[in-house]
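Listed below are the residues making up each chain.
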Amino acid sequence: MRIWDLNPGYLNRQSLLGEHRELHGIVSIIKNNKKGYSRHPETIRWLQHGWAVRQRHQLLKSEMELRGYQDKSPVNLRAKPNQWPDTFIDSPYQQFQIVKKKYEHLEWGRIPLPKNAQELWAQHKYSVMARDIAAYKRIGKEVAKNNSKQFFEALCLELTLLLRQSPNPKLINNALQHMWGYVSDYYDGDKASVINNNSKMLKLTRQLSIEHQVTYLLHSTALSELDSWNID
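This write-up is about the structure you can find in this document.

Cut-offs used in this document
- Residues numbered from 1 in each chain as written.
- Predicted model: local features only at pLDDT ≥ 70, side-chain atom pairs only at ≥ 80, totals over all residues.
- Heavy atoms only, no water.
- Helix = DSSP H or I, 4+ residues; strand = E, 2+ residues; numbered from the N terminus.
- Buried < 20%, exposed > 50% of the residue type's maximum accessible area, 1.4 Å probe, protein only.
- Contact = heavy atoms within 4.5 Å.
- Phe/Tyr/Trp six-rings, centres within 6.5 Å; stacked < 30°, edge-to-face > 60°.
- Lys NZ or Arg CZ within 6 Å of the ring centre and 35° of its normal.

For Leu-47, the location among the structural elements is in the loop between α2 (41–46) and α3 (50–66). Residue Leu-47 is classed as partly exposed on the basis of its relative accessible area, which comes to 25%. For the pair Leu-47 and Thr-215, spaced 168 residues apart in sequence, the C-alpha to C-alpha distance is 37 Å. With residues near it in sequence (within four places) discarded, Leu-47 still touches Ile-29 and Ile-30.

Okay, here's the thing in structure tokens:
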């Protein structure tokens, strides 16, 4: 059993659908007191965090929909709102290494596995921009100067924790407009109405990124994860 802490965009089809199935197994244990894997370390760390289980499901759902799958199994757990498990079975950096080894002869996910801090930051920057502009500026400067393995490991953890925060209502529109800039030329409708409607802007950005294979956005965590939060 595995519920990853990495953005679901890094998971290939089999891992994405497999985690979705296993997450619902945890939901069944929580709601129905089923035994099964109830003593598994992965189950134990999520057991008291119903809200976090729900939010992880929303992340999986958004990624699945981006890839053409439909989710018809909502999760309505609410325990400990805005709180995530405070432990990891493996650190985020170690999880990247596990996935890399697992996918050695398999297809990769939507987002390529990062080889260094620069690649990792490029994939996460719009997600961070939507949450914490000070962190966005600081991390950008640090990445430009530090390419060590230790920094890469630390950044994996910091970005994982940052993306557990909900987007900042005062910053989300700015991040979405940066993303929209990559696809707006493909849109023939009223562009002025788009930039004042966060949900519409994200929906069109997702749609046009796929239709026109806009690589930079297709390799961004924000393309799926922002859709899992209430951004209006």
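Moving on, there is more to tell.
We now examine the side chain of Gln-123. For Gln-123, the location among the structural elements is in helix α5 (residues 117–129). Accessibility expressed as a relative area gives 6% for Gln-123, which makes it buried. What Gln-123 contacts, discounting residues up to four positions off in sequence, is Tyr-10, Ile-111, Pro-112, Pro-114, His-219, Ser-220 and Thr-221.

To describe a pair of aromatic rings, you give the distance between the ring centres and the angle between the ring planes. For the structure shown, the criterion picks out 9 aromatic pairs. For the ring pair Trp-46 and Trp-84, a centre distance of 6.2 Å and an interplane angle of 75 degrees mean the geometry is edge-to-face. With Trp-46 in helix α2 and Trp-84 in the loop between α3 and α4 (92–102), this pair connects stretches of sequence that are 38 residues apart. Residues Trp-46 and Trp-84 agree in their burial class; the two are buried. With a centroid separation of 5.3 Å and an interplanar angle of 25 degrees, the aromatic rings of Tyr-182 and Tyr-216 are classed as stacked. Of this pair, Tyr-182 sits in the loop between α8 (172–180) and α9 (191–194) while Tyr-216 is found in helix α11 (residues 215–218), placing the two residues 34 residues apart along the sequence. For Tyr-216, a relative accessible area of 29% translates into the label partly exposed. A network of ring pairs unites the aromatic residues Trp-46, Trp-51, Trp-84 and Trp-229 as a single cluster. When the ring centre of Trp-4 is taken as origin, the NZ or CZ atom of Arg-2, which lies over that ring, is 4.5 Å away.

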